[in-house]
Structures are given as structure tokens and as C-alpha cells.
Amino acid sequence: MVETVEAEGFPATKELGAGVVDARNVWRSEEAAFALLQRVRRVVFDDSRVVVSPSCSLMFVPYDLALEGDSVPADVRGELAFAVQKLEVLVKVAERAGCTDPSATVEVSWNGEDNLTGMEGAPAVKGTDLAKLLTRAEPYEERRTKQLPGLPPFPTTTIGSFPQTPEMRRARRGWKEGRGTDAEYEAAVDAEVARVIRAQRDVGLDVLVHGEAERSDMVEYFAEKLDGMLVTRHGWVQSYGSRYVRPPVIYGPVSRRGGKAMTVREFEVAQREAGGKEGPAVKGMLTGPVTILNWSFCRVDMPRAWQAAEVGLAVREEVADLEAAGCRVVQVDEAALRERMPLKGEWQAEGEKYLKWAVAAFRLSTCGARPETQVVTHMCYSTFEDIIAHIDEMDADVLTIENSRSAGEMVAALCAYGYRRDLGPGVYDIHSPVVPTKDDMVARAAPLCQSALPPSRAWINPDCGLKTRKWDEVIPSLENMVAAAKALRAQVARES
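Residues numbered from 1 in each chain as written. Predicted model: local features only at pLDDT ≥ 70, side-chain atom pairs only at ≥ 80, totals over all residues. Heavy atoms only, no water.

### Examining the overall build of the chain
Just so we agree on the cut-off: To qualify as a helix, a DSSP run of H or I must reach at least 4 residues; to qualify as a strand, a run of E must reach at least 2; elements of each kind are numbered from the N terminus. Relative accessibility under 20% of the residue-type maximum defines a buried residue, over 50% an exposed one, and the middle range a partly exposed one, all with a 1.4 Å probe and only protein chains included. By definition, residues are in contact when any of their heavy atoms lie within 4.5 Å. Per-residue accessibility takes into account occlusion by the displayed protein chains alone, with areas from the Shrake-Rupley method and a 1.4 Å probe. His is not counted here, nor are the chain ends, while Lys and Arg score as positive and Asp and Glu score as negative. The atom standing in for a charge is NZ when the residue is Lys, CZ when it is Arg, CG when it is Asp and CD when it is Glu.
Check the secondary structure of the chain and you find 18 helices and 11 strands. In terms of overall dimensions, the chain has a C-alpha envelope of 80 × 55 × 50 Å along the principal axes. For the chain, the residues scored as buried account for 52% of the 496 residues in total. Considering only residue pairs separated by 6 or more positions, the chain has 79% of its internal contacts joining residues 24 or more positions apart. Taken as a whole, the chain presents about 22000 Å² of accessible surface, with 53% of it coming from carbon and sulfur. Computed over 61 positive and 74 negative side-chain charges, the inter-centroid distance for the chain is 3 Å.

Next comes the structure, spelled out in C-alpha cells:
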């Protein structure tokens, strides 16, 4: 906005609230705030008409850095500012301006978050054949025939998480606080994974998940295992309603800590419980690079696309390790793919630039997968009708989407576009405690059945993960979902 004021001038009869302290990230950025205030002063001419303020409400940043104690490394602490520290920066910047001539300029090495620069110049991919890294070994139609042979029409699965019980939460918290050994905590996780696998086999699901008992949050879990990322103790911010999260902070180059796998141990436990190679496939569950970035506080000294390249390579290594452990299906969730899209329609060009590197980041994560490995992605929390071409460009084998509340609108949009990859629109609303009936889910699957997709590529699954639900809601819901899939198979058999 300061560019507009510089170009158009500012009325001499009004005061200007100058939001020079960035209230959407956790960086101190004092020099940048002062440089911006100097630009405002040169336009307004009268300091008495300039009100120095944060750029927006401070609800988007944690409350007080001092609460973190020694959990934040000393070399990072000096660069951070939570809400209390943002106000301190605001006061310092205003006081400094009062002692400085408005004509004095300040040079800063960056101007805030860069959401538009592409991935091509990222140090993480320097010297590589980027186009090759972003391309699967075989096109979809060729590789799809090699994936998960023997599945029935309308195969069933879930999105990833299963109920997080109070006992599991207590065990995880106790372990993090030093009460109990690693072995004791892993035993508790393994017991819960076994319970989840047994429940899915009893219900009759076709592709299983390990349930994510070890994960408090789909981004925080990975941040704890990645160098260059920091998880706070008390850095809570509101996500929506009464839900609060602790976004990690990206402060340096991102890579897997010590080169170690992040998810393989739990996958191996689940696959053994499922019967090994002879049993049903178990998904390897990963969070995609764009969602990790969009649900974290990112660096502001390099473009987001460059950071996405670092995270993408870390996820790519994890995919390879899962495959080496026998994983046949890898799900890389991009729930927050759209969250950095410009909101205004006239900003279409900026949106295209963002989506170009966001799609590239996903492909960087997944395109190293073998043709026989099925790559799944899940999307929710948004509408996607106007970016379907970009979703298609992600080159995932299976797309699962939140759908039960939209009356099939997204399925219709995908069909109108000509989407031909596997599709799993949610057939029951996991945000409600209501147990849907078999007939409810058959009805919600109707748009999928009426599409041009063959039944072998039409998946039956919930809207999203089951983490927030209770076991006595989940089991009957999944039983009814499997019954719905069987009813759909019988219907296809009668009509063929």
C-alpha cells in the first residue's frame, strides 16, 4: 500500500495509520519496519498525522517469546519477535523516527515474504536437472496398471488419522516431558498402531493406514524431525473457532535431521500387523512441502519457493525410504495448497506464479517414486474448482477431497474438466458425530458413480482424517462405508 500512497499522495486533512511492523510473521525485522516508516513520513510530511502500528491484529503471532525460556536457540532468539516483542519493536521504531530526518533512507536486504519467485534459482536444486526431478518415470496411464493389483471396484480406505485417545495423548506428553523412556513410549505407540490395523481389517477396508498415534499435529510432527525448523513450547495461535495450533518456525536450511527417516518405523509396525507383503497395503503418511510451509512461520530472507524446494527434497528422501521398507502407497497431503493464493480475482497473474512453484514442490516430493508406487494426495479446507488444471499437473495417482458437504460440486467440476485419475471424494462428514448410514453414503457417492471414471478408480473414503472422532463413532461409520462400497459393486455387477 505504501507504493499507492507514494504514487497518489495523501490528503493533508487526514491521519495515516502506518502498519509498518509485520504482524503475520515472527521475525523482529526492525530495520525493515523503520525503512517502511521513513517512506511513509516522506509522503505525509507531518509526523503528527502518522500513527505507527502493526500491519494487522497480533492474533496471528504467539503471545510472548519470553515464555519459551531456553527452548529457542540463542542464535535464533535475537531474530524473533512474538506479540509482546512486536509492540516493543513498534515503540523503538517510532522513537527512532522521532530522532531521524524523514529524508534519511535505510537499506534492507529483503522486503518481506516473497511468494512469487519461482523454484528455478533455489540453492537446494542448484546443479540438478530440475525438469527430470519433477517427472515420474512413467506417465499415469502406464504406471497405474502396475499399482495395487487385485483391488475391487470402489476400493475403500481412510484419509490417515484415527482417534487420538486421552491415554495416547498422556503418553506422548509424558514422554516429551521426560517421564518414561523412548522404549516405553514406542511400545505405547505400537500398541495403538496394532489396534488401528486390527480395527480396519475387521471392518474390511482395502487399503489401510497406521492411524498416526504418534503425531500431535500433521506439520509439527515433521518439524520436530527436520533441521532448520523450530517447534515452540507456548507459541499457540488461533487456527479457527476454538482450535489453536503451534506453527513451527523455519529459520535455516531444511533437511531430515541426521538424514534419518521420519515415518518408516511406524509404517513397518503397521505393515507387519497387516500381514506383511501378503496382507493389504498400508499407506505411508506424509505432509506435503506446501502445507508444511503454509502452516509454519517461514523465513523472510529467501523466497518461499526456495524453502519449498528444501522441504520437498526432504519429503522425497522419505518417500524413497518408505519404498525401501516395502511401502506400496504413499500419501502426501497438501491440505493447505491454496492458502497462499491471492484473494482478489485481478491478481490472477500472481496466483499463477504461486501455483507454478507450489505444484513443482509437490512433484519434487513425489516424482522420485517408482511406477509401482501409488502416490495419493488429499486436499481439504478450500474450494478448488478454479485450479483443477494445476491439481492435474501435480501428477498424483489418487486425489482424495473433502466433499460430503458440497453435494458433489467438486466431483462435477472435475468431471467437466475431464479429470481421469483416481478420485476419492469423501462420502461422510468427519466433522460431525453423526454416524452416516449405508444409504447416506451410497447417495453421496452418486456423482462419482455417474462420472466417466471406471469403478476401479473411484475410491470410497471419509472426508478427512478421523483424529477428532471417537472410536464408538468411527467403527460403525466405517462399517457402513464398507457396506456402501459393496452395494455399489453389486449395482455395477447388475448393470454390466
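### Considerations on the pattern of salt bridges
So the rule is basically this: Counted as salt bridges are all cases of a side-chain nitrogen of Lys or Arg within 4 Å of a carboxyl oxygen of Asp or Glu.
Counted according to the given criterion, the structure contains 38 salt bridges. The salt bridge involving Arg 49 is made with Asp 46; its shortest N-O contact spans 3.9 Å. A relative accessible area of 13% means that Arg 49 is categorised as buried. For Glu 318, the salt bridge is made with Arg 256, and the minimal N-O distance between the two is 2.7 Å. Placement of the pair is Glu 318 in helix α12 (residues 304-324) and Arg 256 in strand β6 (residues 249-256), with a sequence separation of 62 residues. As far as burial versus exposure is concerned, Glu 318 and Arg 256 are alike and both buried. Overlapping salt bridges, with partners in common, bring together Arg 136, Arg 143, Asp 392, Asp 395, Asp 397 and Arg 421 in one network.

### Thoughts on the environment of Val 330
When you line up the elements, Val 330 lands in strand β8 (residues 329-333). With 20 residues separating them in the primary sequence, Val 330 and Glu 310 have C-alpha atoms 19 Å apart. Beyond its immediate stretch of four places on either side in the chain, Val 330 contacts Gly 284, Leu 286, Val 319, Leu 322, Thr 373, Gln 374, Val 375 and Val 376.

### What to know about the nonpolar core
Note that soluble globular proteins tend to have their nonpolar side chains buried in a common cluster. Counted only if it meets this: Joining through side-chain atoms within 4.5 Å is the link that ties buried Ala, Val, Leu, Ile, Met, Phe, Trp, Tyr and Cys residues into a set, and such a set is a nonpolar core.
Counting residues in hydrophobic clusters, the biggest one holds 101 residues, and the most contacted among them are Met 119, Ile 460 and Leu 478. Filtering out sequence-adjacent residues up to four positions away, Leu 478 remains in contact with Thr 158, Phe 162, Val 203, Leu 205, Tyr 428, Pro 462 and Leu 466.

### Notes on the sheet that holds strand β11 (residues 422-425)
Our working definition: Note on pairing: two strands pair once DSSP finds at least 2 bridges between them. In this analysis, axes come from line fits to C-alpha atoms, helices being fitted only over the stretch in contact, and the angle between any two N-to-C directions falls in the range 0 to 180 degrees.
Judged by pairing direction, the sheet is parallel, and its 5 strands sit side by side in the order β7-β8-β9-β10-β11 without closing on themselves. Both outer strands of the open sheet, β7 (283-287) and β11, are each paired with one neighbouring strand and no more. Each adjacent strand pair in this sheet contributes to an overall mean axis angle of 20 degrees, direction not counted. Two elements, strand β10 (residues 398-401) and β11, share 4 bridges in a ladder whose sense is parallel. Counterpart to Val 398 in the pairing with β11 is Asp 422. Along the sheet, α12 contacts β7 and β8; its crossing angle with β7, the most-contacted strand, is approximately 170 degrees.

### Regarding unusual backbone geometry
At Phe 45, a residue that is not glycine, the phi angle is positive and equals roughly 75 degrees. Residue placement: Phe 45 occurs in the loop between α2 (30-44) and β2 (50-54).

### A short note on the pairing of strand β4 (residues 237-240)
Bridge count between β4 and strand β5 (residues 243-245): 3 bridges; the pairing is antiparallel. For Val 237, the partnering residue across the bridge sits in β5 and is Val 245. Following β4, the chain reverses through 2 residues before pairing antiparallel with β5; Gly 241 in that reversal takes a positive phi of roughly 55 degrees.

### Comments concerning the state of the cysteines
Going by this rule: To count as a disulfide, a pair of cysteine sulfur atoms needs to be within 2.5 Å.
Scanning all chains against the criterion turns up 0 disulfides. The thiol of Cys 464 is unpaired, and the distance to the nearest cysteine sulfur, on Cys 380, comes to 3.9 Å. Take Cys 464: its relative accessible area is 11%, and that puts it in the buried class.

### Things to note about the packing of α12 against helix α13 (residues 348-366)
Applied cut-off: To sort the angles, those under 35 degrees are grouped as roughly parallel, those over 145 as roughly antiparallel, those from 65 to 115 as roughly perpendicular, and the leftovers as oblique. Definitions for this section: a left-handed crossing has its near helix turned counterclockwise from the far helix by less than a right angle. A right-handed crossing has that turn clockwise. Residue classes follow a fixed rule: Ala, Val, Leu, Ile, Met, Phe, Trp, Tyr, Cys and Pro count as nonpolar, while Asp, Glu, Lys and Arg count as charged, and any other residue, Gly among them, counts as polar.
Two elements in contact, α12 and α13, have axes separated by 7 Å at closest approach and are oriented at 20 degrees. Judged by the angle between their axes, α12 and α13 are roughly parallel. The crossing of α12 and α13 is right-handed. Mapping the contact onto sequence places Arg 304, Ala 305, Ala 308, Ala 309, Gly 312, Leu 313, Val 315, Arg 316 and Val 319 in α12 and Trp 357, Ala 361, Arg 363, Leu 364 and Ser 365 in α13. Class assignment for the residues of the contact of α12 with α13 results in 9 nonpolar, 2 polar and 3 charged.

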